[in-house]
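Chain by chain, the residues run as shown.
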Amino acid sequence: MSIEKIVEQALQDGYLTPVMEAEVGKICDNASELSIEEYMALDRLMGALLTGEVVAIPRKQFINVMEELVLSEAITRAAEIEATSDSSLDVGDIAAYALNRLPPLYATTEEGANYQRLRAKAELQELISQQITESIGRNLQQPNNKKTPVVCKSTGNEILRQVSHLLNVYAPDFEQQSQF
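In the nomenclature of an unreviewed UniProt entry, the protein chain is known as Late competence development ComFB family protein of Chrysosporum bergii ANA360D.

Here's what the structure looks like:
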C-alpha cells in the first residue's frame, strides 16, 4: 500500500492504526527518496494528527507473567544443578518446554502484572515447579550429541549425509517399510 492510500484511509476512518504507521515507516525506511506526492500526503497526515482529525491508536503493550516466573525458576534450578554436577542445561529449552504446558498469564499494566504474579504464586506455583522439574529431567536425559544439528555444507553427498543424520536424531526408531 502506498503512503497516499494509507493517509487517505486514515483521514477517512479518523484513526491511524499501528499497522498503518508501521507500513508508512517501512516505506520511508526503504525509499531512497520520497516523491512530492508522498511528502504532501505525510504533511496532510501530520496536520490531521495535530488537529485531532486523525487519532493515532497506540500499540498495546502486554507481558506474559508466566514467562517471567518460569524463566526465573528455570535459571535458579539450572544454576543449582550445574553448581553441584558436571551437567550443562539449556535454560531456554527448559523454559520453553515448561511454558508449552502452562497457562499464559497476560497483563497490560504493572497492576495487572502484580495481580497475575500473586495469583500464579498462590494457585500455580506447584504446577510451575512440577513442569520445570519434568523439563529439567528431559533436558538431562538428552545427550549433548542429540542437540539440534546444523546443516552447513553444500555438496550433494554431504547434504544427504546431514539429512540422514537429522532423520536418525529425530526419528531413531522409524523404519521404512517396503510397499511391495
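Alright, that's what it looks like, and here's the rest.
Asker: Which residues make up the environment of Asn100, and what values go with them?
Answerer: Among the secondary structure elements, Asn100 is positioned in the loop between α5 (91-99) and β4 (106-107). Judged by relative accessible area, Asn100 falls into the exposed class, the value being 66%. Here the alpha-carbon distance between Asn100 and Gln131, two residues 31 residues apart in the chain, equals 9.5 Å.

Asker: Please provide a residue-by-residue account of the nonpolar core, values included.
Answerer: A general trend in soluble globular proteins is that nonpolar side chains are found buried together. Ranked by size, the top nonpolar core spans 19 residues in total, and within it Met66, Val70, Ile128 and Ile132 carry the most contacts. Secondary-structure elements contributing two or more residues to this core are α4 (65-84), α5, α6 (110-123) and α7 (125-141). Among the elements that take part in this core, α4 stands out by supplying 6 residues, more than any other. Those residues in contact with Ile128 that lie beyond four places of it in its chain are Met66, Leu69, Val70, Glu73 and Leu102. Among the nonpolar cores identified, the runner-up in size contains 13 residues, and Ile3, Val7, Leu34 and Ala41 belong to it.

Asker: Break down α7 for me, with residues and values.
Answerer: Quick reminder: α-helices carry 3.6 residues per turn. Residues three or four places apart thus point the same way. Between its first and last C-alpha, α7 extends 24 Å over 17 residues, near the 24 Å set by a 1.5 Å rise per residue. Restricting attention to buried positions, one finds in α7 the residues Ile128, Gln131, Ile132, Ser135, Ile136 and Asn139. When α7 is viewed along its axis, its buried side chains cluster within an angular range of 135 degrees and face the same direction. Among the exposed residues of α7, those oriented more than 90 degrees off its buried face are Glu126 and Gln141.

Asker: Quick one: what's the story with a nonpolar patch on the surface, residue by residue and with numbers?
Answerer: On the surface, Tyr15, Val55 and Ile57 cluster together into a nonpolar patch covering about 240 Å² of accessible area. You can see Val55 is positioned in strand β2 (residues 55-56). A relative accessible area of 47% places Val55 in the partly exposed class.

What counts, and where the lines are drawn
Residues numbered from 1 in each chain as written. Predicted model: local features only at pLDDT ≥ 70, side-chain atom pairs only at ≥ 80, totals over all residues. Heavy atoms only, no water. Helix = DSSP H or I, 4+ residues; strand = E, 2+ residues; numbered from the N terminus. Buried < 20%, exposed > 50% of the residue type's maximum accessible area, 1.4 Å probe, protein only. Core = buried A, V, L, I, M, F, W, Y, C linked by side-chain atoms within 4.5 Å. Contact = heavy atoms within 4.5 Å. Expected span 1.5 Å × (residues − 1). Arc of directions from axis to C-beta. Patch = residues over 30% accessible without salt bridge, like charges linked within 9 Å, V, L, I, M, F, W, Y side chains within 5 Å. Areas by Shrake-Rupley, 256 points an atom, 1.4 Å probe, with all protein chains shown as cover. Salt bridge = Lys/Arg side-chain N within 4 Å of Asp/Glu carboxyl O.

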